[in-house]
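Given next are the chains, with one letter for each unit.
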Amino acid sequence: IGTRFGVTAEVANHYRFSLVGNERLMLDGETVRTNFAFTHGFATGWSLGVEVPYYHVSGGVLDDAIDAWHAAFGMPDGGRNARPEDELLYAFGLTPLSPSSFVLTEPQTGVGDTQVKFAKLIGGDQGFVLQATVKLPTGDEEMLAGSGSGDWSVTLLRTRPLLARKRAAGYYWGVGLVRAGDPELVEFDANTWVPTAILGGSWQLLPEFGFKGQLDVHGAFYDSQLEEIGETAIQATFSAWRRMGQRGQIEFAVVEDLNVSTAPDVVLQVATAWQF
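Rules behind the numbers
- Residues numbered from 1 in each chain as written.
- Predicted model: local features only at pLDDT ≥ 70, side-chain atom pairs only at ≥ 80, totals over all residues.
- Heavy atoms only, no water.
- Helix = DSSP H or I, 4+ residues; strand = E, 2+ residues; numbered from the N terminus.
- Rg over C-alpha atoms; globule rule 2.2 N^0.38 Å.
- Buried < 20%, exposed > 50% of the residue type's maximum accessible area, 1.4 Å probe, protein only.
- Salt bridge = Lys/Arg side-chain N within 4 Å of Asp/Glu carboxyl O.
- Contact = heavy atoms within 4.5 Å.
- Pairing = 2+ DSSP bridges.
- Patch = residues over 30% accessible without salt bridge, like charges linked within 9 Å, V, L, I, M, F, W, Y side chains within 5 Å.
- Areas by Shrake-Rupley, 256 points an atom, 1.4 Å probe, with all protein chains shown as cover.

**Student:** What's the story with the overall build of the chain in this structure? I'm lost.
**Tutor:** In terms of regular secondary structure, the chain is built from two helices and 15 strands. Taken over the C-alpha trace, the chain has a radius of gyration of 20 Å; the compact-globule value for 276 residues is 19 Å, and the two agree within 12%. When the backbone C-alpha atoms are referred to their principal axes, the chain occupies close to 60 × 45 × 30 Å. Out of the 276 residues in the chain, the part that is buried amounts to 39%.

**Student:** It is not clear to me how the pattern of salt bridges should be interpreted in this structure. Could you clarify?
**Tutor:** What the rule picks out here adds up to 10 salt bridges. When the shortest N-O distance is used, the salt bridge between Asp151 and Lys135 registers 3.4 Å. Taken as a pair, Asp151 in strand β9 (residues 151–161) and Lys135 in strand β8 (residues 128–136) lie far apart in primary sequence, 16 residues in all. The two residues Asp151 and Lys135 agree in class, both being buried. Within this structure, Arg16, Glu227 and Glu228 form a network of salt bridges that share partners.

**Student:** What should I look at first to understand the environment of Gly201 in this one?
**Tutor:** Take Gly201: it is sitting in strand β11 (residues 193–206). The exposure class assigned to Gly201 is partly exposed, which follows from its relative accessible area of 22%. For the pair Gly201 and Ala119, spaced 82 residues apart in the sequence, the C-alpha separation amounts to 21 Å. Aside from chain neighbours lying at most four places away, what touches Gly201 is Gly170, Tyr171, Tyr172, Phe211, Lys212 and Gly213.

**Student:** Please explain the pairing of β9 as it appears in this structure.
**Tutor:** For a regular strand, side-chain orientation follows a simple rule: the groups alternate between the two sheet faces. With eight bridges connecting them, β8 and β9 associate as antiparallel partners. Directly across from Val129, in β9, lies its bridge partner Leu157. One ladder, built from 10 bridges, connects β9 with strand β10 (residues 169–179); its direction is antiparallel. Within the sheet, the bridge partner assigned to Pro161 lies in β10 and is Gly170.

**Student:** Mind showing me how you'd approach unusual backbone geometry here?
**Tutor:** Comment: phi is negative for the bulk of residues other than glycine, and the bulk of peptide bonds are trans. Look at Leu144: it is not a glycine, yet its phi comes out positive at around 65 degrees. At Ser261, a residue that is not glycine, the phi angle is positive and equals roughly 90 degrees.

**Student:** Please clarify how the environment of Arg4 should be interpreted in this entry.
**Tutor:** In this structure, Arg4 sits in strand β1 (residues 2–20). The class of Arg4 is partly exposed, set by a relative accessible area of 40%. Once the C-alpha coordinates of Arg4 and Gly41 are considered, the two residues, 37 residues apart in sequence, prove to be 8.4 Å apart.

**Student:** How do you make sense of a nonpolar patch on the surface when you look at a structure like this?
**Tutor:** A surface patch of nonpolar side chains, amounting to about 1,000 Å² of accessible area, comprises Phe42, Trp46, Leu48, Phe118, Ile122, Leu130, Val134, Leu136, Trp152, Val154, Leu177 and Trp193. Going through the elements one at a time, β3 (46–58), β7 (114–122), β8 and β9 are the ones with two or more residues in the nonpolar patch. Examining the composition of the nonpolar patch, we find that three residues originate from one element, β8, more than from any other. Structurally, the position occupied by Ile122 is in strand β7.

This is the structure we're talking about:
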């Protein structure tokens, strides 16, 4: 019950070049995504939420730091040195290049697709949440801030406390299904139904400080031979959070791709939220 407002900022550095059959994908750049979320919970167990993301796509500033990290630990750079640092190139489509192939080389900024969420607490202990989400095509597909189509999804979430623990802890899981619309600019065949799943846990080490871990899985959104968009994506999130007063909280997180190539190598994230 009450109102919650949150802001999440995350930066993802991309570097992937792939060619399979007549399908091609080139990603060299950086995406900064700032998400504004508003949720209001009612005494009846219902809640209503709205999320609006804001994107900045560019060559970024992390290429040099990533190269230095790889060099310091003797790690492969995946061919990053083959291109100049901090340059932008997002391109994909069928080969040879067709008129509808997508190419982006200039920095862009704009609003992404808006999500409207409806949720209801269910079950005898109200430990289940049934959530329906509608994604509105408000984003600019010319900069990959939106798909150009409307989607909807249904998700069932379950949360459980670990009562035997000395310090507060718990876990949660969820399964869902996305009904994806047909994208306007992407030439690859889109999958209509995409399954999703989530599994996570949290541990409150101190009254105002704790840790959280989470696995996110979703099926392929495209029927493609390219592993970047045609295979199941698995990401792991590791975060630490701290309360700010009675109503605020800040969280720092690192997101890693467990199924390599299906998501950015690393995503850095900071989130703040206030409860009213």
